[in-house]
Amino acid sequence: MAKVLLLNGSPKADGCTATALDEMIKVFKEEGIETEVIQVGNKDIRGCVSCGYCEKNGKCVFNDLVNEVADKFEEADGLVVGSPVYYGSPNGTILSFMDRLFYSTSFSKQMKVGAAVVSCRRGGNTATFDVLNKYFTISGMPVASSTYWNQVHGFTAEDVKKDLEGLQTMRNLARNMSFMIRAFADAKEKYGLPTVERNAFTSFPDGK
């Protein structure tokens with residue numbers, strides 16, 4: 001059975017972000033996709049210190065939730081990252097988590113389906129959405145889209161439940177993501193994965 005990990009970057013396990021993710025989970029269940037929600041936003045997650053430990057040892061030097069989730073991420077077919085908007089950006093905790101998760105894991109993320117989900121009261125949503133999507137697009141992960149930007153509005157979970165278009169967007173996102181996961185699995189079996197080139201590395205060491 002295909003599986004999707006959902007990361008809740010909010011400090012609140014039952015707040016606005018969780019409400020959006022829950023709407024997706026309902027659809028994943030209907031589609032026969034297994035899900036697991038991991039609460040990140042209320043954990044003590046420090047940022048990457050560029051120590052190089054992961055390059056030699058295959059995991060982050062800080063043995064916390066990042067290393068625990070890494071194994072699950074390797075086995076998953078899709079990853080949903082949800083965050084509230086803080087000063088026009090994602091929650092700092094989820095950013096530190098994502099930096100370390102993606103940098104410290106050497107396994108291929110190619111064709112795992114990614115989706116960013118953002119909750120906000122009013123503004124900062126598209127900027128936050130853009131930041132989260134960059135983790136996917138640098139890793140060969142196709143990005144799932146919906147019928148609007150993947151966002152909900154509200155100051156409380158009850159507010160979000162009134163955002164009917166936002167919840168509709170979450171449901172359509174989950175359906176599209178489920179389709180993509182199944183389609184990529186079929187294509188992988190039939191055609192194999194696309195070839196990935198890694199030889200070129202532009203650094204301009206000669207200064208020209």
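Residues numbered from 1 in each chain as written. Predicted model: local features only at pLDDT ≥ 70, side-chain atom pairs only at ≥ 80, totals over all residues. Heavy atoms only, no water.

*Asks:* Outline the nonpolar core, supporting the account with residue identities and numerical values.
*Replies:* Counting residues in each nonpolar core, the largest one holds 28 residues, and the members touching the most others are Leu 7, Leu 79, Phe 97 and Phe 102. Contacts of Leu 7, omitting those with residues within four sequence positions, involve Leu 21, Ile 38, Val 40, Val 69, Leu 79, Val 80, Val 81, Gly 82, Ile 94, Phe 97 and Met 98. The next biggest cluster of nonpolar side chains, apart from the first, holds 25 residues, and it includes Leu 21, Val 27, Ile 33 and Leu 173. (Core = buried A, V, L, I, M, F, W, Y, C linked by side-chain atoms within 4.5 Å. Buried < 20%, exposed > 50% of the residue type's maximum accessible area, 1.4 Å probe, protein only. Contact = heavy atoms within 4.5 Å.)

*Asks:* Describe in detail the pairing of strand E1 (residues 3–8), supporting the description with residues and values.
*Replies:* Burial of E1 is extensive: 6 of the 6 residues sit out of reach of the surface. Of the two faces of E1, the one carrying Lys 3, Leu 5 and Leu 7 and the one carrying Val 4, Leu 6 and Asn 8 are both buried. In terms of handedness, the path from E1 via helix H1 (residues 16–30) over to strand E2 (residues 34–39) forms a crossover that is right-handed. In this structure, E1 lies alongside strand E3 (residues 78–86), joined through 5 bridges in parallel fashion. (Helix = DSSP H or I, 4+ residues; strand = E, 2+ residues; numbered from the N terminus. Right-handed = clockwise from strand over helix to strand, strands pointing away. Pairing = 2+ DSSP bridges.)

*Asks:* Talk me through the packing of aromatic side chains; I want residue IDs and the actual numbers.
*Replies:* Tallying each qualifying case throughout the model produces 4 aromatic pairs. Pairing Phe 73 with Phe 102 gives two aromatic rings, centres 5.4 Å apart and planes at 50°, and the pair type is tilted. One end of the pair, Phe 73, is in helix H3 (residues 65–75); the other, Phe 102, is in helix H4 (residues 92–104), with 29 residues separating them in the sequence. Residue Phe 73 shares its accessibility class with Phe 102, and that shared class is buried. (Phe/Tyr/Trp six-rings, centres within 6.5 Å; stacked < 30°, edge-to-face > 60°.)

*Asks:* With reference to specific residues and values, describe the pattern of salt bridges.
*Replies:* As enumerated under the stated definition, the model contains 9 salt bridges in all. With its nearest N and O atoms 4.0 Å apart, the salt bridge here joins Lys 3 to Glu 34. Within this pair, whereas Lys 3 is found in strand E1, its partner Glu 34 is found in strand E2, the two being separated by 31 residues in sequence. Taking the relative accessible area as the measure of exposure, Glu 34 reaches 36% and is therefore partly exposed. Its salt-bridge partner being Lys 134, residue Asp 130 comes within 2.5 Å of it at the nearest N-O pair. One end of the pair is Asp 130 and the other is Lys 134, both in helix H5 (residues 125–137) and 4 residues apart, which spans about a single turn. A cluster of three or more residues bridged by salt bridges with shared partners is formed by Lys 3, Glu 34, Glu 36 and Lys 72. (Salt bridge = Lys/Arg side-chain N within 4 Å of Asp/Glu carboxyl O.)

*Asks:* Give a description of unusual backbone geometry that names residues and reports values.
*Replies:* Leave glycine aside and you will find that most residues have negative phi; peptide bonds, for their part, are mostly trans. With a phi close to 55°, Tyr 87 is a non-glycine residue in the positive phi region. If you trace the backbone, Tyr 87 turns up in the loop between E3 and strand E4 (89–90). Positive phi, close to 70°, is recorded for Met 111, a residue that is not glycine. Examined against the element boundaries, Met 111 turns out to sit in the loop between H4 and strand E5 (113–120). For Met 111, a relative accessible area of 27% corresponds to the partly exposed category.

*Asks:* Account for the packing of H3 against H4, naming residues and giving values.
*Replies:* Taken N-terminus to C-terminus, the directions of H3 and H4 make an angle of 55°; their axes are 10 Å apart at the nearest point. In terms of their interaxial angle, H3 and H4 are classed as oblique. Relative to H4, H3 is oriented so that their crossing is right-handed. In this structure, H3 uses Leu 65, Val 66, Val 69, Ala 70 and Phe 73 to contact H4, whose residues at the interface are Phe 97, Arg 100, Leu 101, Phe 102 and Ser 104. Partitioning the contact of H3 with H4 into residue classes produces 8 nonpolar, 1 polar and 1 charged. (Axes fitted to C-alpha atoms, helices over the stretch in contact; angles between N-to-C directions. Parallel < 35°, antiparallel > 145°, perpendicular 65-115°, else oblique. Left-handed = near helix turned anticlockwise from the far one by under 90°. Nonpolar A, V, L, I, M, F, W, Y, C, P; charged D, E, K, R; others polar.)

Honestly, that's just the spatial picture; any functional story needs more than this.
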